[in-house]
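Each chain is listed here by its residues.
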Amino acid sequence: MKTVLLATEAMRCRFELVLEGEREESLRAAGEAALAEIEAVEQQLSAYDPGSDLWAINAEGAQGPVRVRPTTLAFLREARELTERTDGTFDPTVGALVALWRGEQEPTAAHVEVARALTGWESVVLDDDNSTVFLRQPGLRLDPGAIGKGWALDRAREILEEAGVTRALLHGGTSSVVALGENWKITVAGGPPLTLSNQCLGVSAPSGRWAIFGERRYGHVLDPRTGWPVEARAWAAVVAPTATQADALSTALLVSGEGTWEGCHTYLPADVTESNTGEMK
């Protein structure tokens, strides 16, 4: 059995792949194609790259429909479905709030309310026939950060599966994980050891990045319902069928402290117990 290790820097973190199989050359070729796909996803979904679809939507979407790649439209449709599935505790239309909390001055309650009014999928028009996105609300901004890594890993997994790879472990920034094959052992810091078999793990925490104003420090995860940073929990983890789902649902679990989703397993640090809503293989 051969093992190939590959890595790249994307989405402001390190992506790493561990591939196992009989032929090192074919594993390496498949892994390099998977990394190239991760980098391509970043080019489509970066909110900071003027060449990306997301940047164009945020910059021009309120002026008229913006033509995007079909894959970008598919990403946004899944993001909207996950917002509905989580009752709004996960919502990537919070770009205006994210920008507010990344500013130089500590937001007031009034500032938060103004930015919170610039959120909501009802103002985002997705047109499959013309492959366009239109923002009805000027000032609304999309921020894919919570699920961008998961989406990229899911696309990378598809590349590996098409190449015939049957056993691999992929992660982005250690918080988004894809396990292809059986019995991958994973440990969440402060949590239980997990065994993943053709499953994905998402871990969300308010720490890691901070908004600091004088002596006040806020975590980077926002509650879309209130517009304020989440501070109540140290972390939340979800095992789900896809990395996109795991990332979105772990964010929702961190925000609300509760949630059960079919086929998923949820973990919170309070008593490190598992909430089973589907049989873990």
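Rules used in this analysis
Residues numbered from 1 in each chain as written. Predicted model: local features only at pLDDT ≥ 70, side-chain atom pairs only at ≥ 80, totals over all residues. Heavy atoms only, no water. Helix = DSSP H or I, 4+ residues; strand = E, 2+ residues; numbered from the N terminus. Rg over C-alpha atoms; globule rule 2.2 N^0.38 Å. Buried < 20%, exposed > 50% of the residue type's maximum accessible area, 1.4 Å probe, protein only. Phe/Tyr/Trp six-rings, centres within 6.5 Å; stacked < 30°, edge-to-face > 60°. Lys NZ or Arg CZ within 6 Å of the ring centre and 35° of its normal. Salt bridge = Lys/Arg side-chain N within 4 Å of Asp/Glu carboxyl O. Axes fitted to C-alpha atoms, helices over the stretch in contact; angles between N-to-C directions. Parallel < 35°, antiparallel > 145°, perpendicular 65-115°, else oblique. Left-handed = near helix turned anticlockwise from the far one by under 90°. Contact = heavy atoms within 4.5 Å. Nonpolar A, V, L, I, M, F, W, Y, C, P; charged D, E, K, R; others polar. Polar contact = N/O pair within 3.5 Å; in protein donor to acceptor, adjacent residues only side chain to side chain. Pairing = 2+ DSSP bridges.

1. Quick notes on the overall build of the protein
Helix and strand content of the protein: seven helices and 15 strands. Against the 2.2 N^0.38 benchmark of 19 Å for 281 residues, the protein shows a C-alpha radius of gyration of 19 Å, consistent with a compact globule. With the C-alpha coordinates aligned to their principal axes, the bounding extent of the protein is approximately 60 × 45 × 35 Å. For the protein, with 281 residues in total, the buried portion stands at 51%.

2. With respect to the packing of aromatic side chains
Scanning the entire structure with this criterion turns up two aromatic pairs. Seen from their ring centres, Phe75 and Trp151 are 5.3 Å apart, and the 75° between their planes marks the pair as edge-to-face. Taken as a pair, Phe75 in helix H3 (residues 70-85) and Trp151 in helix H6 (residues 145-162) lie far apart in primary sequence, 76 residues in all. Just as Phe75 is buried, Trp151 falls in that class too. Taking the centre distance of 5.3 Å and the plane angle of 65° together, the rings of Trp101 and Trp228 count as edge-to-face. With Trp101 in helix H4 (residues 95-101) and Trp228 in the loop between strand S12 (216-219) and strand S13 (236-240), this pair connects stretches of sequence that are 127 residues apart. Residue class for Trp101 comes out buried when judged on its relative accessible area of 5%. For Trp228, a relative accessible area of 30% puts it in the partly exposed group. The residue whose ring lies beneath Arg167 is Trp184, and the NZ or CZ to ring-centre distance is 4.0 Å.

3. Details of the pattern of salt bridges
Under the defined criterion, the tally for this structure stands at ten salt bridges. Between Arg14 and Glu16 there is a salt bridge, and its shortest N-O distance comes to 2.8 Å. Given the relative accessible area of 30%, Glu16 is considered partly exposed. Among the salt bridges present, the one from Asp223 reaches Arg225, with a minimum N-O distance of 3.0 Å. For Arg225, a relative accessible area of 41% translates into the label partly exposed. Among the ionic contacts, a cluster of salt bridges with common partners joins Glu9, Arg14 and Glu16.

4. Considerations on the packing of H3 against helix H7 (residues 243-256)
Geometry of a packed helix pair, given as the angle between the helix axes and the separation of the axes. Taken N-terminus to C-terminus, the directions of H3 and H7 make an angle of 40°; their axes are 10 Å apart at the nearest point. As judged from the angle between their axes, H3 and H7 are oblique. Here the hand of the crossing between H3 and H7 comes out right-handed. Contacts between H3 and H7 pair Glu78, Leu82 and Arg85 from the former with Thr244, Gln245, Ala248 and Leu249 from the latter. Split by residue class, the contact of H3 with H7 holds three nonpolar, two polar and two charged.

5. Describing the environment of Glu9
Relative to the elements of secondary structure, Glu9 occurs in strand S1 (residues 2-10). Polar side-chain contacts of Glu9 include one of 3.4 Å to the side chain of Arg14.

6. Overview of the sheet that holds strand S3 (residues 66-67)
The strand order across the open sheet formed by three strands is S3-S5-S4, and the pairing between neighbours is antiparallel. Among the strands making up the open sheet, the edge pair consists of S3 and strand S4 (124-127). As defined by bridge partners, S4 adjoins strand S5 (residues 132-135) across four bridges and the pair is classed as antiparallel. Its bridge partner being in S5, Val125 is matched across the sheet by Phe134. Of the strands in this sheet, S4 and S5 are in contact with H3, which crosses S4 at around 130°.

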